[in-house]
Each structure stands twice: as structure tokens, then as C-alpha cells.
Amino acid sequence: MSYVLTCPNCGPREVTDFGFGGEVNPRPRSDPSERELGVYNYFRRNVAGVQREWWCHRSGCGAWFYAERDTRTNEVLLTELPEPAA
Amino acid sequence: MTRLPPQDGERVDREREVTFTFDGREVTGLEGDTIGSALFASGRRTFSRSFKYHRRRGLMCCAGQCPNCLVQVDGAPGVRACTEPVQEGMEVEHMNARPSLEFDAMRATDLFGGPFTPPGFYYKTFIRPRRLWPLYEKILRHAAGLGKVPKEQAEREWRTEYRRRHADILVVGGGAAGLSAAIAAAELGADVVLADEGPEPGGRLLAEGNHARARELTARARDLGVELLTSAPALGAFDGLVPVWERDTLHQVRAQRIVYATGAIEQPLLFPGNDLPGVMLSGGAVRLATLYGISPGSRAVVATVDDRGLEAAVALLARGVEVATVADLREHGNSDAMKQLMRQGVHVLRGATVLQAEGRSSLQRVTLGPPGAGEGGAGEHELTCDLLAVSGGSAPATSLLAQSGARTRYDERLGHFVLSEMPEGAHAAGEVAGSGSLFEAERSGAVAGAGAAHELGFGDDESRARVETERKTVLNSRDGMPEVAVPPAVTSSRRGKCFACLCEDVTAKDIHLSVEEGYDSIELSKRYTTTTMGPCQGRMCQLPAVRLMAEETGTSLADVGTTTARPPWHAVPMGALAGRPFEPAKRSSMHARHRELGANVLWAGDWRRAYDYGDPRAEALAVHETAGLIDVSTLGKLIVRGPDAGELLDRLYPNRFSNLAPGRIRYGVMASDAGRIMDDGTICRLDDDSFYVTTTSSGAGAVYQWFSWWLADWRLNVHLTDVTQGLSAVNLAGPRAREILASLTDLDCSAEGFAYLDGKRADVAGVPCLLLRIGFVGEVGYELHFPSAHGEHLWDALMEAGGPLGLRPFGLEPQRLLRLQKMHILVGQDTDSESTPFGAAMPWIVKLDKEQPFIGKWALEKAASGELETTLVGFRLADGHVPTEGAVVLPDGDGPVGQVTSARFSPQLGGVIGMAWVPVSLAKDGASVTISDEGRRLQAEVVTKPFYDPDGEVLRS
Amino acid sequence: MSYEFLTPAPTALARSPMERQALAAGARLEQRDGWNVAVAYDGEPPERGRCAATAGFADRSHLGKVELQGSHGLPLGQATRRDDAWWCPFTPEKALVLCEPADTATLLERLEGTFPTVVDLTSALAALTISGPLAREVFARFTAIDLRDSATPVEGFRPGSVGRTPGAILREAGESWLMLFGAALGSYMWTVVADAAESLGGGPVGVDALAVANA
């Protein structure tokens, strides 16, 4: 595994520059049921295809950002910063 | 002698001799020789013994492709003699033969070893009795294998390193196509790296006597600024990163475009005796003659399926080697090479091939005839000769391309697999792409190189148009490819071993047996028989194995398919892959002082830390009796600032921070959304908008990332700064700590002026500090946080002021004892990934009534309403034995119900204390639990309050 | 509101985390603006020669380094030279300003009036300049950051992994690159850079020779 990810701030870097935050897994907004909480804490969709993920450029600017990556080929289709704070 | 008269363009310098040893005997070669050519010139014909049967093996490809000439050079095993240049004084030894290469006792396995050697025989034969496996293993390791690594390695003398190379275009392979590609790309302005396996670029140009053209192209590429790496094989393709090994450097080439000009690999034919020394690939025989001026034999027979073999016969004739007969499997054809052979009166058998090779220690006799013929068939010719040059067609070297995602398909007419689909960003040129002649290879290289450069935006419309025209010409010229006859999997039905895989000694019969046993796909057969898994990585055996498999299973080659060669594509020493050691070690700004004081320095996470200064017990006692000073710079430190800073902390911690008064400190335990403890630390409010957060030493990086991750999601108006390495920190603790501190600062250090859990800012010894009055070690203590550039200055000032009052430095080990006396947990030591704050006996830290849906709230709500099974308590032992951390707790002598997490002997308390997880029913003062420690049974008494100063009177004083 | 406990004070001596290695390599230290600075090694001619022929590396950890957070409007990927300081953006909301040690106090004061969060990271980051025709080759031994002209022109600023730890590289001049990394890794990084530079014929240089070489 040695593909290149493009940090939205710093540009292309080796994947080893980054920390992986896993697939985007939105936190329940209100009081979840036990099942919802269990799914949120312990289950991932693990798709064979394009998934939206969190990455952190921990060796560079330190920013967290989103990436859309094909898990079969490691092709990264898009990287973007979350909307900034208002 | 075997040297020919000087050849035009030969690589050796006849004026300069080089002497080295082979198996202890002196051998003299010429400057420019390889080990293989020098040994061959000195008369050696056996270069190795085979993997399983210990058969003699001689030079075959002379191009670093086959496994036949692997030797040990200066202690390093697995070196290919045919490509390794000779050097004065080098010590070369044979591999895998005992007692000697000429007399190998294990040869018996070939002569008598019928039942010993079918595929899978290790698995089948040596499984019973199981207890004897260690003995079997020892014998097998001795009998098989390829070379040995010296048991005792002297300290490494050669340095290896990684070198990162970014480039616009990487060209893999420096033959006619590769050089032309590099030139075309560089002419358009691209930054190009070319990597070639050979000691000089040129590939087939050199081998076929066209060295002038090779040197011309090389010079042109160099003038254009192409970085030429020679003796530098590419090892694999990893998502666009190509490691290229060049002696002591591993170039990690990251190019935007890659041109693969990896050429083609001449294939062997399968017939009984096809591995005898004297049987060579036609290219190998020609290389010996052309590059090293060596006669590969005195009387040659050539067997071929295409023009390559005919051209080899012409080349051998031109260099004075007698060619007795040429067997061409094709019935027809009248190429230039064929005409030349006819003109020179060479005896040519059409529609014939080699049926058998025989000889004792090397080739003496071959039988030629129509394919498939058995013993004594019609039209057979028996000939004496000492060289059989074989050409079984050529297979494009697509392995690296396949690793990068290319696909191949079987071409019926050519009898091999050709590229059918290219991955993005990759180009192929020359023989690997199907260009037969050198002229075509140059043209296809130029098209690929320019095409790659154009994709990157180099060149202009005119250059694009020109290359487009060229591309069409190249494609059209492929239609006129020369005829090839596709050989059968095995050329004859005569008896005798036909080797499909030379590396692992797998015969055609072995593949037949494996199919019979049900291993009937190429992937299964690969793993069962290990064909294609040896040092040649399928170069010599992939195609023959696929042909055999197709024949055995009655399917087509297209249906059988190919296996993918895994990296490394070329053998490489482990040392070259290791590179230079990188071990990022963090050190405190006071590290040199600890060293000077004789500290035992050990790893603690990614820090080097003072574990103790020689006497941990005395160091701990000094903290109780006078004062101690410990470097706690490894703590994680964050500044959290902004109008929403309190809100952020309220959301991240189960307890509340928004109501903390400026200048005050509160302890915090961070939980995950599953309610499990992640980290802990103290938080000091600096002012309305900012907090100073400390974390555990090992959690620093993770906590910063955790904070910034949620911040990115929640978008609160907060700024974070990690100041872990910017601030050094020391903890000054003990009955005399206040006095020592007061002597260095104007700050009011009285119990009232600077109370427990106060955070103050003041200069200490001229250094601006943030002072936190906290009590991890149980005595009155001050944690001083200050610019790390002043580390030595402040350490010296404190030691100087405190020395006369009995101040003593203490390390990590005494600190662990001191905190245990206070039952302060260490996250990760006393808790694990399943521990909640409730289990860790800190229910008071969870504020479920907080309005924020803080991280962990929902899980902790559920935990609060459920029943705990086990909980963390302290224990005291009557026995003086300190139980191992991890010893199990057995309440009633049955199965384990808990475990010891920390235990120490406390000189202050005069006994053994510890912490353990026990069932809730036993978590009360005075309860008795049994600890089982490596067979010992210990009776412990449960304690729920801190062992030392349980009510915190000392701490607050 | 400033965090004065983060700023080295003139009332105490400030030291670089690489001071011990510099001394072992023969450095002459001089106190400048409260810092012990390695000003020279084996003399100016050989040190300048290194920067001209191979690669010289100099400890510049004493540089003032101030982080600001809030919208700064600096273009990403490059440093901007303004008011005798390098303004180096990490994200649209975060930048690091590098200045001479004597200017740090003034800079802090000015920034605090402009940006919501200003933190002095002078002590948090160590700094090494690598200068010379082989400087890029030295970097290639321990970082994957692309420093070719086409990727990193003069004034380019590239945060990323150096020697397997977080860092950033600023191309200050034609063949002179300033590398920033965690202060606690100073001693480790000296070893990494010295090993790479020395294998290519380079070596340490004092800040005085460096200033002349880059003038």
C-alpha cells in the first residue's frame, strides 16, 4: 500500500503521511436506541467500491478532511475539507 | 582455451586480469567479466546443484534470468554469477552441494529417489510422528534450500539507504526501446529516470553486436539529462511507486508516467535432459560469445521455434563456433537468417525439434526429430555436440506491468501471453509490447516516451501530430511479424526427467501428478508444486507450466491463464530493503542532565525516559521525606482557546469544565462513545477563553487528533494548539517542595496563596512558568510547565536550590510506586479497552445530568443503569511476594474472575500493595481474595481508599 | 491574552535541542539574543565550501516561530516574505510566522492585535537549514516530499513527513531549504541529517558561514 493522497491544504503526499479515520459514520443526533448505538459504535458498511472516509494529515498541516476512495483499487477520487466553522 | 579471438564490442579488457577464488581455488578472469563468464572461460561447466535432486546445472541464460548460476559471494548467498561483475579478491562459493560441487552426496535422490520426490512429499511424508518434526526439519533444511546465511554476521559493513526520486517519467528497461523512450520524453522537456538491470544500457543491442548503436543512444540520453541507473533492477510496482535497487541504494521512484520497456524472456523447451550443463538458451550462448569473447561450445546444435534461434546460429558461426545442425520446428519460412544458413551450408532440419539430450556430467549427445516422437521413431537424428542452443520462443516480460494492473491474453499465433489492457499512466514499448526487431523497438520506444510526455503537457500540437503518425506506423508493422511455431508442452514422449521449473526441480511428471491429485488450476498447482515461486519468479517456467496444465486438463492456454509474480521481481538482499534505520526518539530538553546523573534510560512510548537514577526505592522515599524532582515533559499538552472552548470540553469529557474558574484545575477522564476510558489528565482554566489540557504521555498525539477530529465535525469556534514539545515540565514534590520553590520565585507559595488544584503563572529562576498544584505522587507538589528551551537552566536552578534541602531526582519507576500508594490509575495499565469510569471506580466523574450529548453519554447511561461485574480496587498482601502484573484473581478457587494490574513493594508502607479488578461483591474494605501467580497462591485484603494519605490531608497542606 | 510561559525569556539561557550534537561536531557556541547559537565549526572557508560544493546543514532552532489561527488570507503552498519574517500557511485558518529571535516579542504583540489565537511555538519546533547543490539529495534520503523546481519553487512551503515524523520544509533560496520539526526530536533529526549529508560529502556549518553563503 503506497498510494498518494492529496491533502486539500498541502497537495499530494504518500499515504503514510496520513492518519485514517475510517469511513464516515455519522453520530446519532438524539438519544439513540441500544441497537442504533451498537450499530454506530461497532458496525461499518465496509463496501467494495467508493466510500467516503475521514483522513488526517498528521505529518503535515494536521487537518482532518474527507476523501472518496475506491476500496478495491485505492483510487482516490476526491478530497475536501469539511465546511469551516461559521 | 575457450576464449575466442577479440570480438568487436566485447565487454572484457584482455589486457587486465582479475583474480578471485571459487571454492578456495584461484581463478583468473578479465576486467569486464562476470563471475559466470570468468568461470566458464576457466573451464567450469557445473555452476550449481539443483534444489531437490542435486543435479548438475550450468550456465543457461547468461542474463540473470534463470536460477542455474546462483552462488555465494563474500558470504552473501543467492548472487547470480552470470551478471555479477568480477572483482579482485572476491570469494565465491557454490551453493547447495555437499561435500563439493563435483561430488554431491545428495545426488542419490535423483538416481534412486523415486518415492521421495513427488510434489507435496514433505507434507505427505514427514507428518508422523509429530514429535520428530524438529529432526525432519533439520535434515530437510540441510538437503534443500539455496545457500546459507552465515550464522555469525560481523557488524554490518555496507551501508544501505533509501533515496526518494520524483520524476515525470520512469523508464523501466534500458534496451533499444527504453533508451529511445527516455530520449523522446527528455527531448520534449520531461524529467526522466531510466533503470536498467545490466551494467550498461543497451540490452539486446549489446548482446547482438550492435554496441555502437547502444552507446550512441546512451550518450544521447545522458546529454539530455536522463538519469541513467545501471545494474539497477526494478523490484515491483506498488501503486505507482517503483523501488529500484542499485547496489547499496534503494531508489524509491515516484513518477507520473511509467514506460515499461522490460523486453521479452527467451523460453526453454521441455525434453528429457533439458537441464544438462551444455544446454543453453540461444541468447545465452550468443551473449557468452559476443560480450565476453568466449566460445560457448566447440560443436553446437541449435533447436528453435522462431528466427531468434536462426539468428543465434548465424552469430555463433560468425564467431567461429561449429554449428552441426539446426532444427527449426517450422515447416516453412525463408527469413534472412535462414538464407544465410543455407548459403553457409548449415544442415537444417525443418519441422524438427530436440527430443532428448544426454551426457554424464555435461551434454554429449542430442536426438533431433519431429515433435512427439518416442524411442526410435522415424526421421530421428542423433548428433554428438557439447552445446545445444535452444530457443522456445520469447515471452513478453509482463510481470511488473501485471503488478501495476495490466492484463494479458493468450495469443494463439505467437504461442504466448500478450498485453491486452494497460493501467492508467503506464506505457509499454519494445518487445514487451510485441515489437520484434530492434528497429521497431526503437520506434515504439520513441512513440511511448513522447506519448507519456505529451500526457503530462510537454510538447506541442506539431509534436503530437508527428507521434500520432509514428504510432500508426508501429501498429501496422506488427502485422508483418515473423512466423513462430508453437511448441508442444513436452517435445517428446521419451523417458527421463523434463524440467518445467529449474528453481524448484519440478518435472513435467510432477505437474501431471498434481493434476491427478486434484490440483487442476494453475493457482493451485503453483502453490502445491511451487512452480514459478523460485528465484526466477516464473521467467523460465510460467509459460511451460501453463502449457503443461492446458495439456493435462484438456483446456486452452487462455482458459488456464497465468499467475501474477509477486514482488520482488528481482532477487534483492534484505539489507537493501531495510535501508537506514529511522527510529524517531523523542527526548526531553533535560535529557542530557539525566544521563549525567546516571539515569537508566528506557523507552516509554516514543520517548527516551529516565526510568530511575539507580535506586528507585530511595528516590521514592526522598519524595516522602524531603523532596523529589521528576521530568514529566512527556505529558501531552494542548491549548484549547476560543469562545466555545468550555463547550468543546463539556462535549468531549464526561465531567464538566465550562464552570471551572480561571486559575483552577480539574481532573478529567476521556471516554469513547462506547463509554470506554481513552485517556486522562488534568485541565487548568487559564482565562475565560482558554484551557490548558494535559494528557497521558502515550496518548498525546491521539488526544490532539481526537480533539481536532470532533472539532472538524462540530465546527465550534475553538482553536487547538499542541504544545507538547514546546513546554518542558517537572514535578517538584515533597515536604520541602514549597520551600525550594519559594526560594526561586516571587509567587506567594503559602498553602492559602497557592492552594491544591490552583494553576498560577510566575517566573521561576527567571523562567516564565505555568505552575499547577496537583498531587499525582501524593505529597505537596508543583508541576512547572515552561519553554523547553530553558530545560537545562531550570533543572539546574531547582537542583541547586533544593540540593542542600535534600532534593533528589526521581525516575518513572519510583513515580509508579508513589502513584500506586494513592491509587491513581494509569490508563492502559490499570484499565483496558473495556474499562468504563464506573468499573474503574470513578462514578463521580460522569455527569449524566449535563445538557450536552457528550461523547460516551448514551453508553454510560446504559452502563449506569446496568449491573457492574468487576471493578478496580486496591489490595494489600501479607506475604512479601510481589505478584506479577496480570496474575489472576480467584475468589473461591475456581476459574479466574479478575486480574492484578499493578503491584509494588512500598518501603513507605512496609508491605506489598497493588490494584486489581475483582467481582463487585468483593469490592469492600477487608474482603479477602486469592491471587494465583505462576502456581503460587496469595491471600490479599481488599482496600478501597488510597493506601497513603487516604483523606488527602498531606496533599492539601 | 498571551501565554507568556511559552516564550523563552531573556532572563534565562535558551538552548537548542541539538546543542549537544553540535558541540560534539566541534561547534563554537555564542550567546545571541538569549540563545546559545552554533555560529561556527571548522572555519568559514571550509563551511562556505560545503554550502557551495556539497551540502552544509546549520541549526537555526533559535528562530522565532509564532503560530496564528484565524483567517489569514495567505496563499497556501508558499511562504510570503513580509516585514522581515516568513509567513507560512498550513491551512486557510492556521499559519506559522518565522522571524529573527530579537523580533519575536514585537511580532507576538502585533499578531495578538490581529488574530484571535496566537501561540509562541519557538520552543516547540527545532529548525535546520540544509544548503548547497546536494541539499536536495540529502533530503531525498529521509523525506518523500517532492523538492524539484517544478514542484517546490523558491518560497515554496511544504508541510509533510521528514525522517518519519511530522515536519515542514521552506525553500528560502535557490539551494537552501529550512526544515522544521518537533523540538523533542532534535537529537534524532541531527543524526538523520548528519548521516545523510556526510555520506554525500557534506557536514555541519555555523550560522555565520550560512549567512555568507546565502547572501
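Residues numbered from 1 in each chain as written. Chains lettered and ligands numbered in written order. Predicted model: local features only at pLDDT ≥ 70, side-chain atom pairs only at ≥ 80, totals over all residues. Heavy atoms only, no water.

A. Focus on the overall build of chain B. A tally of helices and strands in chain B yields 27 helices and 47 strands. Computed over the C-alpha atoms, the radius of gyration of chain B is 38 Å, more than 25% above the 30 Å expected from 2.2 N^0.38 for a compact globule of 957 residues. Projected onto the principal axes, the alpha-carbon positions of chain B cover approximately 115 × 75 × 55 Å. Residue pairs in contact within chain B that sit at least 24 positions apart in sequence constitute 65% of those at least 6 positions apart. On chain B, roughly 37600 Å² of surface is accessible, and the fraction owed to carbon and sulfur atoms is 50%. One way to put it: in chain B the 101 positive side-chain charges average out to a point 3 Å from where the 124 negative ones average out. (Helix = DSSP H or I, 4+ residues; strand = E, 2+ residues; numbered from the N terminus. Rg over C-alpha atoms; globule rule 2.2 N^0.38 Å. Contact = heavy atoms within 4.5 Å. Areas by Shrake-Rupley, 256 points an atom, 1.4 Å probe, with all protein chains shown as cover. Lys, Arg positive; Asp, Glu negative; His and termini not counted. Charge placed at Lys NZ, Arg CZ, Asp CG, Glu CD.)

B. Looking closely at the nonpolar core. Residues and elements named next belong to chain B. Counting 81 residues, the largest nonpolar core has Phe20, Ile35, Leu59, Ile169, Val192 and Val326 as its most contacted members. At 9 residues, helix H5 (residues 176-187) tops the list of elements feeding residues into this core. Other than its neighbours up to four places away in sequence, Ile35 contacts Phe20, Val73, Ala81, Glu84, Pro85, Val86, Met90 and Val92. Counting 58 residues, the second largest nonpolar core, distinct from the first, contains Ala406, Leu502, Ile522 and Ala545. (Core = buried A, V, L, I, M, F, W, Y, C linked by side-chain atoms within 4.5 Å. Buried < 20%, exposed > 50% of the residue type's maximum accessible area, 1.4 Å probe, protein only.)

C. Quick look at the interface of chain C and chain B. Taken together, the 49 residues of chain C in the interface contact 50 residues of chain B. Both sides of the chain C and chain B interface together cover about 4100 Å² of buried area, and 52% of this is carbon and sulfur. Counting the contacts that link chain C with chain B gives 9 salt bridges. In this structure, B:Arg761 engages C:Glu4 in a salt bridge whose closest nitrogen and oxygen atoms are separated by 3.2 Å. Linking chain C with chain B are 29 residue pairs in polar contact (both at pLDDT 80 or more). Mapped onto the side of chain C that touches chain B, the elements with two or more residues apiece are strand S4 (64-69), strand S8 (117-120), helix H4 (135-140) and helix H5 (186-199) of chain C. A per-element tally of the side of chain C that touches chain B places H5(C) first, with 6 residues. Among the residues forming the side of chain C that touches chain B, the class breakdown is 24 nonpolar, 13 polar and 12 charged. (Buried area = accessible area lost by both parts, 1.4 Å probe. Salt bridge = Lys/Arg side-chain N within 4 Å of Asp/Glu carboxyl O. Polar contact = N/O pair within 3.5 Å; in protein donor to acceptor, adjacent residues only side chain to side chain. Nonpolar A, V, L, I, M, F, W, Y, C, P; charged D, E, K, R; others polar.)

D. Layout of the interface of chain A and chain C. On the chain C side, the residues contacting the 12 residues of chain A number 13 residues. Taken over both partners, the interface formed by chain A and chain C buries close to 850 Å², and the fraction arising from carbon and sulfur atoms is 57%. Per-residue buried area on chain A facing chain C is highest for A:Asn9, A:Arg13 and A:Ser59; these three make up 48% of the total on that side. Scanning the region where chain A abuts chain C turns up 0 salt bridges. Inspection of the region where chain A meets chain C yields 4 residue pairs in polar contact (both at pLDDT 80 or more).

E. Structural detail: the pattern of salt bridges. Tallied over the entire structure, the rule returns 72 salt bridges over all chains. Between A:Arg52 and A:Glu80 there is a salt bridge, with the nearest N and O atoms lying 2.8 Å from each other. You can see A:Arg52 sitting in strand S4 (residues 50-56) and its partner A:Glu80 sitting in strand S6 (residues 76-80), a full 28 residues away along the chain. When its relative accessible area of 29% is taken as the criterion, A:Arg52 is described as partly exposed. On the basis of relative accessible area, A:Glu80 is assigned to the partly exposed category, the value being 31%. Residue B:Glu358 is joined to B:Arg365 by a salt bridge in which the shortest nitrogen-to-oxygen separation is 3.6 Å. What makes B:Glu358 partly exposed here is its relative accessible area of 24%. Judged by relative accessible area, which is 29%, B:Arg365 ranks as partly exposed.

F. The pairing of strand S46 (residues 928-933) of chain B, seen in detail. Residues and elements named next belong to chain B. Where burial is concerned, most of S46 is hidden: 5 out of the 6 residues are buried. For S46 and strand S47 (residues 936-943), the ladder comprises 6 bridges, and the chain directions are antiparallel. Bridge pairing in S47 links Thr930 to Gln939. Counted along the chain from S46 to the antiparallel partner S47, the turn is 2 residues long, and its residue Glu934 has a positive phi close to 45°. (Pairing = 2+ DSSP bridges.)

G. Broad picture of the side chain of C:Lys65. Residue and element names in this part refer to chain C. Here Lys65 lies in strand S4. Polar contacts involving the side chain of Lys65 include one to the main-chain carbonyl oxygen of Leu63, which spans 3.0 Å. Setting aside residues up to four positions removed in sequence, Lys65 forms contacts with Leu96, Val97, Leu98, Val119, Asp120, Leu121, Thr122, Leu125, Ala127 and Leu180.

H. Representation of unusual backbone geometry. In the segment running from B:Pro567 into B:Pro568, the intervening peptide bond is cis, with an omega of 0°. Within the element layout of this structure, B:Pro568 appears in the loop between helix H17 (557-560) and helix H18 (574-578). Unlike most non-glycine residues, A:Asn74 shows phi in positive territory, near 65°. Of note, A:Asn74 is situated in the loop between strand S5 (64-70) and S6.

I. Representation of the side chain of B:Ser788. Within the fold, B:Ser788 resides in the loop between strand S40 (781-787) and helix H24 (791-802). The contacts of B:Ser788, once residues within four sequence positions are left out, are B:Ser589, B:Gln725, B:Gly726, B:Leu727, B:Ser728 and C:Ser123.

J. View of the sheet that holds strand S13 (residues 203-204) of chain C. Residue and element names in this part refer to chain C. Strand order in the open sheet formed by 6 strands is S10-S11-S12-S9-S3-S13, with mixed pairing between adjacent strands. The open sheet terminates on both sides in strands that have one partner only, identified here as strand S10 (157-162) and S13. Both strand S9 (residues 125-131) and strand S12 (residues 176-182) contribute to a ladder of 7 bridges, which runs antiparallel. Note on S12: the bridge partner recorded for Ser131 is Ser176. Of the strands in this sheet, strand S3 (56-59), S9, S10, strand S11 (165-173), S12 and S13 touch H5, which is tilted by about 150° from S12. (Axes fitted to C-alpha atoms, helices over the stretch in contact; angles between N-to-C directions.)

K. Main features of a nonpolar patch on the surface. Residues and elements named next belong to chain A. Where nonpolar side chains cluster on the molecular surface, the patch consists of Val39, Tyr42 and Phe43 and spans about 340 Å² of accessible area. Structurally, Phe43 is set in the loop between helix H1 (34-42) and S4. Here Phe43 falls in the exposed class, since its relative accessible area comes to 55%. (Patch = residues over 30% accessible without salt bridge, like charges linked within 9 Å, V, L, I, M, F, W, Y side chains within 5 Å.)

L. Up close: H5(B). Residue and element names in this part refer to chain B. Taking 1.5 Å of rise per residue, the 12 residues of H5 would be expected to cover 16 Å, and the 16 Å separating its terminal C-alpha atoms lies within 8% of that figure. With 11 of 12 residues buried, H5 lies mostly within the body of the structure. Backbone geometry just downstream of H5 places Gly189 in the positive-phi region, at approximately 105°. (Expected span 1.5 Å × (residues − 1).)

M. Examining the environment of C:Val207 more closely. All names here are of chain C. Take Val207: it is sitting in helix H6 (residues 207-213). Sequence separation of Val207 and Ala38 is 169 residues, and the distance between their C-alpha atoms is 6.6 Å. Sequence-distant contacts of Val207, defined by excluding residues within four places in its chain, comprise Arg32, Val37, Ala38, Val39, Asp59, Arg60 and His62.

N. Molecular detail of the pairing of strand S8 (residues 161-172) of chain B. All names here are of chain B. Burial analysis of S8 places 12 of its 12 residues in the buried class, which makes it a mostly covered element. The sheet contact formed by S8 and strand S12 (residues 249-260) spans 11 bridges and is parallel. Paired with Val171 across the strands is Val259, a residue of S12. Pairing between S8 and strand S9 (residues 192-195): 4 bridges, direction parallel. The residue of S9 that forms the bridge with Val171 is Leu194.

O. The arrangement of the packing of aromatic side chains in detail. Residues and elements named next belong to chain B. Under the definition given, this model contains 22 aromatic pairs over all chains. Judged by centre distance (5.7 Å) and plane angle (85°), the ring pair of Trp706 and Trp710 falls under edge-to-face. Placement of both Trp706 and Trp710 in helix H22 (residues 700-714) is noted, with a separation of 4 residues, approximately one turn of the helix. The burial state of Trp706 is the same as that of Trp710; both residues are buried. (Phe/Tyr/Trp six-rings, centres within 6.5 Å; stacked < 30°, edge-to-face > 60°.)

Note that every value here comes from positions in space, so none of it alone points to a role or purpose.
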